[in-house]
Structures are given as structure tokens and as C-alpha cells.
Amino acid sequence: MWPLFSIQPIPGKGRGLVANQSIPRGTLLISDLPLLTFMPTTKGGRARAIELYKQLPYDKKIAVEAFQEGHGRMSLREVLLVVGLPIEQQGGRAGVFENASLLNHSCIPNCYHFWDGVKGQEIVHALIDIPAGAELTIDYTSDDNLLFYQRQRELQRRFNFTCSCPLCSLPRRERKKSDNRRYRYTQLVDEFPTALTDCSPKVAMGLLNAMFKLIEKESLWSHLGARYADGFQLCAMHSDVFRAHAWARRAKQAYIIARGAGSKDAKGMALLEKVPERFGLFGTLCKIKMYPPGALFVPSSAKQLFANGVPSFSITSPIISLAPIVTAPPAVSHQTIPPGTKLSKGQWKRARARAATRADGYARKEAATTTIPPAFTSNPFSPLLPTASPSIISESSDESVDGEEDVIIELGAATAVHHQEDEEPEEEESRFEETEMAEMKNFCRMMMEVTIAECVWES
Ligand SMILES: C[S@@+](CC[C@H](N)C(=O)[O-])C[C@H]1O[C@@H](n2cnc3c(N)ncnc32)[C@H](O)[C@@H]1O
């Protein structure tokens, strides 16, 4: 049914917007040019709002006056203040909008709103699947993870109402529990950047895991994009290109839902999904030496590498990079293969064995136990959350940015390969060599479009 929503009276809240039909998450609901913008925190700013109102064309003036009708005995200045939505993060300007200003507040909103400074529009998307008849709500607060008393104080001061949304209406004990979870979530978000660089990837991934659980419990859906991006960063910094790719895709999907496919965040993650190595900090925590850095994972630059006759790349990097997030052993042997040379099975096997021996116990154990957060089943974002199925291997083709075919290994492939490596039974040498050789050839074909047969070992 069109339009997707209608203006209706909402008990205790004045007017509001109600869904005329079920609305899938990610639907663009509103893109509103402001009727006027002003600085609500200063006396001069509020006076300026009245000036701007007076300069509005007739039909726009009527739209503003309609707000006044819903607010009883409030003066126009007071009304402009409470219907003005914040359009800047840090206590900045507010905007009055024909549609968006009709959205009421909830501390667990079903829509996400943001100010698109480039277009000069207030954009609203459905954050979750919204059933027909449900009221559309957004979060008015400056930080959508505030505790009960902080939310109430801010809403009372700035918007002149006491929130009675389902979260604020919980019994005191439950509300306290929710506050504790939100407080813990904020702590974890603050701790994560330090953990990223100072702790093992397993610890950092543990923090992220805990954050996802809290997001689910507290319905902090608008935070998903940022947390997936954290997962991407962790994997990318450790050169775990496959997982980085998977996390980037989830971040992109979450950003598309909350902000739209054209948003800066979604576009940025789409780029990193295709080529995780473009991330500025790619490989900065990984102790594997690659020459030149990152070349192994960028088909285009790998091609260039060979075209320019750049002498070498690390043979040990593919082995380590196929493992799950690990702190790569510092002393991995660094053999090099110049282009156009041939590598024998025996040479490959010896190099591989040397690298494996040097991989210390910590890294191996960690690699075997590190997983990406478990799948959630009970929330509307379920399909977006990472699945912890290390045994699933799937491959898909995708067009790389430069138009070449890349093979993209889905989440889980890396773990599976690693486990295969750990649990490999003692086999006949020829069989072992065959498997290893095939694996190496396959890897090179995929990532570098060069077969190992074209290389000769340089000791
Ligand atoms: C941006 S306007 C929303 C549209 C408003 N309902 C109207 O009729 O003009 C903000 C005002 O709506 C009311 N409001 C919004 N959310 C509310 C809520 N959760 N509980 C009570 N009142 C609310 C408050 O009066 C607030 O100042």
C-alpha cells in the first residue's frame, strides 16, 4: 500500500507515523529537506528559528503550524525546539522536517535516522522488519546507548517529555539489568581499540563476540555496522584476508540497511570487501614478512609484480594466511621464488615443513580455537550475523575492482583448511606431496593467476 506510512494520533505522544504495510528492514522511508535549521542550544539560535519560519513560503509555514496544533499551549519557539531533530552529532544544529519531525522517539527504535550533509537531507531507513500497524520510531538522543537516567534527562531537557517506551517501562530490576548491559557494551567498545593492538587476536575477537551478544540483548541494531567493521579491522590487521572479506561484507550489509547503499560507510565497506588489502592498516599486526607487502593478495598488483619482474614473494605467506586469525610466528622461514622459475615437489615440501616447525605452539593452538562469533537465531538480523561453522567451505566468483575474476573463499574456509592441516594423518610421502602440491597450485592459481609449475625454486 502506498504511501508506506500515514500520520496518525498516538496516545500520549501527539501525532506520529504508522506503517500502512509490513516494511522490510533497509527500506528508505524518508528523505526530507529541512523546512529550517537552527542552533537549539543558544538563545540567538532559537530566535533565528523564528526569523527563518517567517521567511518560509506559505505551504511550508502551514506544515510548521500543524506541529504547533499538536502541542497545545506551547509557543511557536517552544514547538520548533521540540520538533527540531538533531542534525549534527556533537550538540549542534537541529532541523525541522515535514515528515521526519513527525517521528516519535523510542529507546529501542525500529528506524534509523541520520543527516546526510552532502545532500542536505534527513534520511530515515527501517532498521528492522516493521509489521503493518506499528508506529515508526527513531532515537532522538545524542548517543543511542545511554543508560536510563541519562536518556530521561536528555529527552526531558531537550524535548520536554518523559519517555515511556518499552525499554523505559521495564520493571526497575529489569531496567537495571539493561543498564548494566549497556554500560558493559560501552566499556567493551572503548576497550576494543587497545585490545586490537595489545592483545592476541583471540582476546580481541572475544571482546567482539561479547559485544555482539549485548547488541542482540539490547537491540542495538544500529551498532552492527561499526562492530562488523571492527571485525574486519582485526582480520585485516592480521592479514587474514578471507575473514576480513566476510566481515567487510557484513559491515556493508548493515550499513546499507541503516544508511543506504549510497552512503559513505556502505561504499567504503564495499570497496574493502572486494580488496581488503586496501585497508590502510592491512597486515600491520601480522608478523609474516611479505615482499612486496600485500602483493600476494591483490591479483592486479600480483600481476604487476610479475610484469615488472619484481624479484620475489614469500612462499610461507599463503600457508599462514589460510589459517584463521593467528599471531603469525615471528621466525617464519622466508623463502623466495622469482618469477618464471620451477618449483619441485620436494623443495615445496621441505619449505612447508620448515615453516610448520617454526610455527610455535601458541599460534597453532590459537588458530585452532579462534572462531568468529556464533550465529544468532532469535533476532531479525540473524542472516547478517556471522556464522561459526568452520567446516563450511564455499567458494564464489566475484568481479574484482579492476574487472578480473577473483575467487572468494567464504567464511570458514580458512579454518577448515587449517584443521585439515592439523589433523592430517601420517600418509605416504607421494600422497602428501600430491595434496600439498595441489593445494599450493590451487592457491596460486586463485590468488596470483600463476601456476607453481612455471616457477623454479631459488634456495
Ligand atoms: C519530533 S516531535 C514528534 C512529533 C510529535 N509527536 C508531534 O505531534 O508533533 C517530538 C515530540 O513528540 C512527543 N514525543 C515523541 N516521542 C515521545 C515518546 N516516546 N513519549 C512521549 N512523547 C513523545 C514529545 O512531545 C516530543 O517533544
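Now for a quick tour of the structure. (Residues numbered from 1 in each chain as written. Predicted model: local features only at pLDDT ≥ 70, side-chain atom pairs only at ≥ 80, totals over all residues. Heavy atoms only, no water.)

1. Brief notes about the nonpolar core
So, step 1. Membership of the largest hydrophobic core comes to 48 residues, with the highest contact counts inside it found for Leu29 and Leu136.
So, step 2. By residue number, the principal contributor to this core is helix α3 (residues 76–83), which donates five residues.
So, step 3. One finds Tyr112, Tyr185, Tyr228 and Ala266 within the second-largest nonpolar core, a separate group that totals 42 residues. (Core = buried A, V, L, I, M, F, W, Y, C linked by side-chain atoms within 4.5 Å. Buried < 20%, exposed > 50% of the residue type's maximum accessible area, 1.4 Å probe, protein only. Helix = DSSP H or I, 4+ residues; strand = E, 2+ residues; numbered from the N terminus.)

2. Regarding the packing of helix α1 (residues 43–54) against α3
So, step 1. Contact pair α1 / α3: the axes reach a minimum separation of 10 Å and the direction vectors enclose 100 degrees. Here α3 runs roughly perpendicular to α1, going by the angle between their axes. In contact with Arg46, Ala47, Ala49, Ile50 and Tyr53 of α1, α3 contributes Leu76, Arg77, Leu80 and Leu81. (Axes fitted to C-alpha atoms, helices over the stretch in contact; angles between N-to-C directions. Parallel < 35°, antiparallel > 145°, perpendicular 65-115°, else oblique. Contact = heavy atoms within 4.5 Å.)

3. Topic: the site of the ligand
So, step 1. Taken together, 16 residues sit near the ligand, with Lys13, Arg15, His71, Asn104 and Phe159 positioned nearest.
So, step 2. For the ligand, a nitrogen atom lies 2.6 Å from a polar atom in the backbone of lysine 13.
So, step 3. Taking arginine 15, its main chain carries an N or O atom lying 2.7 Å from a nitrogen atom of the ligand.
So, step 4. For the ligand, whose accessible area on its own is 560 Å², the fraction buried by protein is 95%.
So, step 5. A majority-of-atoms criterion places the ligand in the second largest pocket. (Near = heavy atom within 4 Å. Polar contact = N/O pair within 3.5 Å; in protein donor to acceptor, adjacent residues only side chain to side chain. Areas by Shrake-Rupley, 256 points an atom, 1.4 Å probe, with all protein chains shown as cover. 1 Å grid on protein atoms, 1.4 Å probe; cavity = no way out; pocket = protein on both sides within 12 Å on 5 of 7 lines; lining within 4 Å. Sits in = over half its atoms within 2 Å of the grid points.)

4. Remarks on the layout of surface pockets
So, step 1. By volume, the second largest pocket amounts to about 480 Å³.
So, step 2. Taken together, 25 residues form the lining of the second largest pocket, with Lys13, Gly14, His71, Asn104 and Phe161 sitting closest to its centre.
So, step 3. Counted by class, the lining of the second largest pocket contains 13 nonpolar, 10 polar and two charged residues. (Points joined across faces, edges and corners; volume = space filled by probe spheres on them. Nonpolar A, V, L, I, M, F, W, Y, C, P; charged D, E, K, R; others polar.)

5. Thoughts on the pairing of strand β1 (residues 5–10)
So, step 1. As defined by bridge partners, β1 adjoins strand β2 (residues 14–19) across six bridges and the pair is classed as antiparallel. Counterpart to proline 9 in the pairing with β2 is arginine 15.
So, step 2. The antiparallel hairpin formed by β1 and β2 contains three residues in its connecting segment, where glycine 12 sits at a positive phi of about 80 degrees. (Pairing = 2+ DSSP bridges.)

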